[in-house]
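Below are the chains, spelled out letter by letter.
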Amino acid sequence: MRFDDLDKTMRSYETRYDACADADAFLIARLDGRGFTRLTKELEPFEKPFDVRFRDVMEATTRHLMTCGLEIVYGYAQSDEISLLFHPDEQSFGRKTRKLNSVLAGEASSAFSLALGRHAAFDCRLVELPDRQRVVDYYRWRAEDARWNSLSAYGYWHFRGIGDSPKAADRRLVGLSPSDKATLLRKEGVDVDGMPKWQSRGYAVVWERYLKEGHNPVTGETTMTERRRLTVDFELPAGSTLDAYLLRFLDAGGASGSRD
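Residues numbered from 1 in each chain as written. Predicted model: local features only at pLDDT ≥ 70, side-chain atom pairs only at ≥ 80, totals over all residues. Heavy atoms only, no water.

1. Some thoughts on the pattern of salt bridges
Opposite charge on two side chains makes pairing possible when the charged atoms of those side chains draw close.
Reasoning step 1: With the rule as written, the count across this model stands at 21 salt bridges.
Reasoning step 2: Close ionic contact of E71 with R228 constitutes a salt bridge, the shortest N to O distance being 3.0 Å. Here E71, found in the loop between α3 (52-65) and β2 (72-78), pairs with R228, found in strand β6 (residues 222-233); they are 157 residues apart in sequence, far enough to count as distant.
Reasoning step 3: A relative accessible area of 3% places R228 in the buried class.
Reasoning step 4: Each member of the salt-bridge network shares a partner with another, and the members are R30, D32, E81, D123, R125, R142 and D145. (Salt bridge = Lys/Arg side-chain N within 4 Å of Asp/Glu carboxyl O. Helix = DSSP H or I, 4+ residues; strand = E, 2+ residues; numbered from the N terminus. Buried < 20%, exposed > 50% of the residue type's maximum accessible area, 1.4 Å probe, protein only.)

Below, the structure written as structure tokens:
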């Protein structure tokens, strides 16, 4: 078979299952750590139930993903997951889901591994949402999941700390709603209402605009240029206030401005 014919045939197999995200859909990529239960419980001496070092490595990974060549306007992280909101005009790779998933999973895995100093891996899935309200609903859903996870973590490690076996600690919490878990832990003397917001709600890496002072060497005048830089928000709001907070990043103009 001639090479050109072989190349055409093989590429048809390679691209047979290619799919592209709808051009008008709001696109979110969610990345999850692979095998992180073993990483955090056995391989690394992380503090329980939450560890600032782990949080900082996740934050650094999120920052990297927002500067690795794709236009991401909002990054949210909690536990071992990261959710990235694409700019509405982002069309990299023709929005091929296979390509975006593989690129982001690879970038996250390498960034996290370098920051931690140990091999780690992420998987990635793309979520296509039809409108702005569904984007808000998505991030409220992940914030609720963060609340659920934080109560479960505090409960599990509290009961382990007072002598329960892993199975016994799990049994105390199984089937309980978040409000029931909170009530149980308050009775146990656990300050669930005073836990840091980044533990109970997650945190965001966002672009902020600012003016940078410069100097025109020709005129000698001082100039001001709009720039943007990444910043982390560990104090995310809740409820309807979160809705308003998120809607700011759904504006296509929210990502404009030169990077520093």
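From this point on, the discussion continues.
2. Comments concerning the packing of aromatic side chains
Reasoning step 1: Going through the model one piece at a time under the given rule, you end up with 17 aromatic pairs.
Reasoning step 2: For the ring pair Y138 and W141, a centre distance of 5.5 Å and an interplane angle of 75 degrees mean the geometry is edge-to-face. Of this pair, Y138 and W141 both sit in helix α5 (residues 132-161), three residues apart, roughly one helical turn.
Reasoning step 3: When the centroid spacing of 5.5 Å and the interplanar angle of 55 degrees are considered together, the rings of Y203 and F234 count as tilted. Residue Y203 is located in strand β5 (residues 203-215), and its partner F234 is located in the loop between β6 and α9 (239-247); the two are separated by 31 residues in the primary sequence.
Reasoning step 4: Each member of the aromatic cluster is reached from another via a ring pair, and the members are Y74, Y76, Y138, Y139, W141, Y245 and F249.
Reasoning step 5: When the ring centre of F234 is taken as reference, the NZ or CZ atom of R55 above it lies at 4.1 Å. (Phe/Tyr/Trp six-rings, centres within 6.5 Å; stacked < 30°, edge-to-face > 60°. Lys NZ or Arg CZ within 6 Å of the ring centre and 35° of its normal.)

3. Some thoughts on α3
Reasoning step 1: Helix length check: α3 (14 residues) gives 20 Å between terminal C-alpha atoms against 20 Å at 1.5 Å per residue, within 8%.
Reasoning step 2: Those residues of α3 that sit buried are F54, R55, V57, M58, E59, T61, T62 and L65.
Reasoning step 3: You can read the cap of α3 off the contacts: a side-chain oxygen lies 2.7 Å from the backbone nitrogen of R53, and it is on D51. (Expected span 1.5 Å × (residues − 1). Polar contact = N/O pair within 3.5 Å; in protein donor to acceptor, adjacent residues only side chain to side chain.)

4. Some points on unusual backbone geometry
Reasoning step 1: With an omega dihedral of 5 degrees, the bond running from K48 to P49 counts as a cis peptide bond.
Reasoning step 2: The topology assignment puts P49 in the loop between α2 (36-43) and α3.
Reasoning step 3: In the Ramachandran plot, S79 falls in the positive-phi region, its phi being about 55 degrees despite a non-glycine side chain.
Reasoning step 4: Within the secondary structure, S79 is located in the loop between β2 and β3 (81-86).
Reasoning step 5: Although it is not a glycine, R95 adopts a positive phi angle of roughly 60 degrees.
Reasoning step 6: Within the secondary structure, R95 is located in the loop between β3 and α4 (97-116).
Reasoning step 7: Judged by relative accessible area, which is 2%, R95 ranks as buried.

5. Overview of the state of the cysteines
Reasoning step 1: Taken as a whole and judged by the stated rule, the model has zero disulfides.
Reasoning step 2: Left unpaired, C124 is separated from the closest cysteine sulfur, that of C68, by 10 Å.
Reasoning step 3: Residue classification places C124 among the buried residues on the basis of a relative accessible area of 15%. (Disulfide = S-S within 2.5 Å.)

6. Topic: the nonpolar core
One broad trend across soluble globular proteins is that nonpolar side chains are buried collectively.
Reasoning step 1: The biggest cluster of nonpolar side chains holds 33 residues, and the ones touching the most others in it are L31, L84, F86, L104 and F112.
Reasoning step 2: In terms of residue count, α4 provides more of this core than any other element does, six residues in total.
Reasoning step 3: Excluding residues within four positions of it along the chain, L104 makes contact with A29, L31, L65, L70, L84, F86 and C124.
Reasoning step 4: Grouped together as the second largest cluster of nonpolar side chains are 21 residues, Y76, A204, L236 and L242 included. (Core = buried A, V, L, I, M, F, W, Y, C linked by side-chain atoms within 4.5 Å. Contact = heavy atoms within 4.5 Å.)

Everything listed is a geometric property; what it means functionally is a separate question.
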